[in-house]
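# What the coordinates show
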Amino acid sequence: MTLQTRISGYADPALHAEGLFIGGAWIKRGGIAVINPSTGDRLADVADATVEDAARAVDAAEAAAGEWRATPARKRSEILRRWFELMTQHAEELAMLISLENGKALPDARGEVAYAAEFFRWYAEEATRIPGEYRRTPSGSHNIMVDHEPIGIAVLITPWNFPAAMATRKIGPALAAGCTVILKPASETPLTAYAMARLGEQAGVPSGVVNVLTTSNPSSVTNAMLADPRVRKLSFTGSTGVGRHLLAEAAKSVVSCSMELGGNAPFIVFDDADLDAALDGAMIAKMRNAGEACTAANRFYVQSGIHDAFVAGLTKRMAGLKIGPGYDPETQCGPMITTNAVRKIDRLVSEAIAGGARVTTGGKPLEEGGYFYPPTVLENVPVDAAIAREEIFGPVAPVYKFDSDEEVIRLANDTEYGLAAYIYSKDLARALRVGKRLETGMLGINRGLMSDPAAPFGGVKQSGLGREGGVTGILEFMEPKYYAVDY
Ligand code: NAP
């Protein structure tokens, strides 16, 4: 079944591309199979870039760099704004494409497209407000003038779980800053990245400013680019393991790195929380993208007084979700990305059960077609189970009971990660007091969703380095230049 037949009625053929996009040219060369995780069918074959293609992409980014950094900010801004508008016009086709190659339910895919497009709108606005600084030294010796310059060619590497948003969250600020880029999307979800590159062409992005490569050999292709002295930035979103490896590789040429890595978010519910609000928030924090999100609630810590009611409410809601192909309009929980993902979830759940956890719904992979794991709730989970340490990346909610503030702070911080955390309590002072002691880059208070293009997204500890989005996100793609001035 080809992609075109699968999405007939939705797809603008002009959006479909399978070739490498280098210097404004499409280079067709099949190689990497793109699989529909809802069925296991092959959707398309995309080109497989070599190390030589990577060098050509750096050449193209270099050739375009001078003119792009000299392009007035207002003009760069207008191109990004047009790209935002085109994504919005094509939102339904992009959402269908995301559902097909990633498996996420259509409402999640629509949400992602809107979120992704907003990064272009936000950075269209920020492009014209790049900050500078001017002041006199405290000693009065001279004046300090600080300008921000584009850092140079940026390599952008993105994961499969948000194929549109993780790309725009990097391309938006990079282009606004005046950088040219090479995007390497995940092999599982390249079609969305190529469709967006098509829209970028229509928006007027000059040739070579955005290049897109897919490869079955990410390590050698990326290492070759990082070793090229013209590449000055690596912006990576993905697992902590791959992030560590890339940091070591980037160190060889002292390439600036921004790292958005894994998470292990605690979701804390205090006795005084509004139960329905906490359950609504839990469903969003756990089930957006069927749990395949770095910010997904990975550990539910629920205070003794509200614990049983919370488990009962969560079980009812999770058990009521409709499982099915992502692109089926009725679906609320789509498949996992691969069979390996299902196996990992199954291992974590089985180990937790062996350690004493009780299943209140779900608990076993579904047998028929696709890569499905049902929404699952576990209670009485040992706090030292593997499921409390590793990212589940699936629709499984392990619930742990706690008694005191001190206990939950200790448990929540007992992880190498520090990306996101959630607190539900009607006592805002208590939520802020506990929140202040949580080792996390982001905290949702009485909210199950925190992502917003206008906010700084990122983590502490081994969840990453730097921030994306917000007012400061553009500075990840700029270098301050200090002029010591006398007159
Ligand atoms: P991944 O396995 O780390 O892959 C991410 C990207 O890195 C993909 O494009 C992958 O390419 C590429 N890659 C893999 N090995 C590489 C290597 N040796 N050199 C260069 N590139 C390499 O992560 P994933 O499974 O796609 O995504 C899930 C992870 O991303 C989770 O840990 C999640 O928490 C994290 N994440 C974090 C954020 C955040 O903002 N903090 C957001 C979303 C996801 P291939 O696909 O070709 O292997």
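Everything numeric in this text was worked out from a predicted model, so none of it was measured. (Residues numbered from 1 in each chain as written. Predicted model: local features only at pLDDT ≥ 70, side-chain atom pairs only at ≥ 80, totals over all residues. Heavy atoms only, no water.)

### With respect to the nonpolar core
Counting residues in hydrophobic clusters, the biggest one holds 162 residues, and the most contacted among them are Trp83, Met87, Leu175, Leu213, Leu234, Leu314 and Ile387. Inspection of this core shows a minimum of three residues originating in each of domain 1 (3-260 + 463-485) and domain 2 (265-451). Residues contacting Trp83, with those up to four places away along its chain left out, are Phe120, Ile171, Leu175, Met196, Ala197, Leu199, Gly200, Ala203, Val205 and Val210. (Core = buried A, V, L, I, M, F, W, Y, C linked by side-chain atoms within 4.5 Å. Buried < 20%, exposed > 50% of the residue type's maximum accessible area, 1.4 Å probe, protein only. Domains from an automatic or database assignment. Contact = heavy atoms within 4.5 Å.)

### Overview of the domain arrangement of the protein chain
Assigned domains within the protein chain: domain 1 (3-260 + 463-485) and domain 2 (265-451). Between the C-alpha centres of domain 1 and domain 2 the distance comes to 30 Å. Each partner contributes residues to the interface: domain 1 has 29 residues there, and domain 2 has 28 residues. In this assembly, domain 1 packs against domain 2 so that about 2,100 Å² is buried in total across both faces, 57% of it on carbon and sulfur atoms. (Buried area = accessible area lost by both parts, 1.4 Å probe.)

### Quick look at the packing of helix 5 (residues 106-126) against helix 6 (residues 165-177)
Across the interface, helix 5 lies against helix 6 with an axial gap of 8 Å and an inter-helix angle of 5°. Our classification of the angle between helix 5 and helix 6 gives roughly parallel. Within the contact between the two elements, helix 5 uses Glu112, Tyr115, Ala116, Phe119, Phe120 and Tyr123 and helix 6 uses Ala165, Thr168, Arg169, Ile171, Gly172, Pro173 and Ala176. Considered class by class, the residues forming the contact of helix 5 with helix 6 number nine nonpolar, two polar and two charged. (Axes fitted to C-alpha atoms, helices over the stretch in contact; angles between N-to-C directions. Helix = DSSP H or I, 4+ residues; strand = E, 2+ residues; numbered from the N terminus. Parallel < 35°, antiparallel > 145°, perpendicular 65-115°, else oblique. Nonpolar A, V, L, I, M, F, W, Y, C, P; charged D, E, K, R; others polar.)

### With respect to unusual backbone geometry
A negative phi angle characterises most non-glycine residues, just as the trans form characterises most peptide bonds. The backbone of Ala290 sits at a positive phi, close to 55°, despite the residue not being glycine. Considering the arrangement of structural elements, one finds Ala290 in the loop between helix 10 (275-287) and strand 13 (297-303). Residue Ala290 is classed as buried on the basis of its relative accessible area of 5%. Of note, Asn380 is a non-glycine position whose phi angle comes to about 60°, a positive value. Note that Asn380 resides in the loop between strand 15 (376-379) and helix 13 (386-389).

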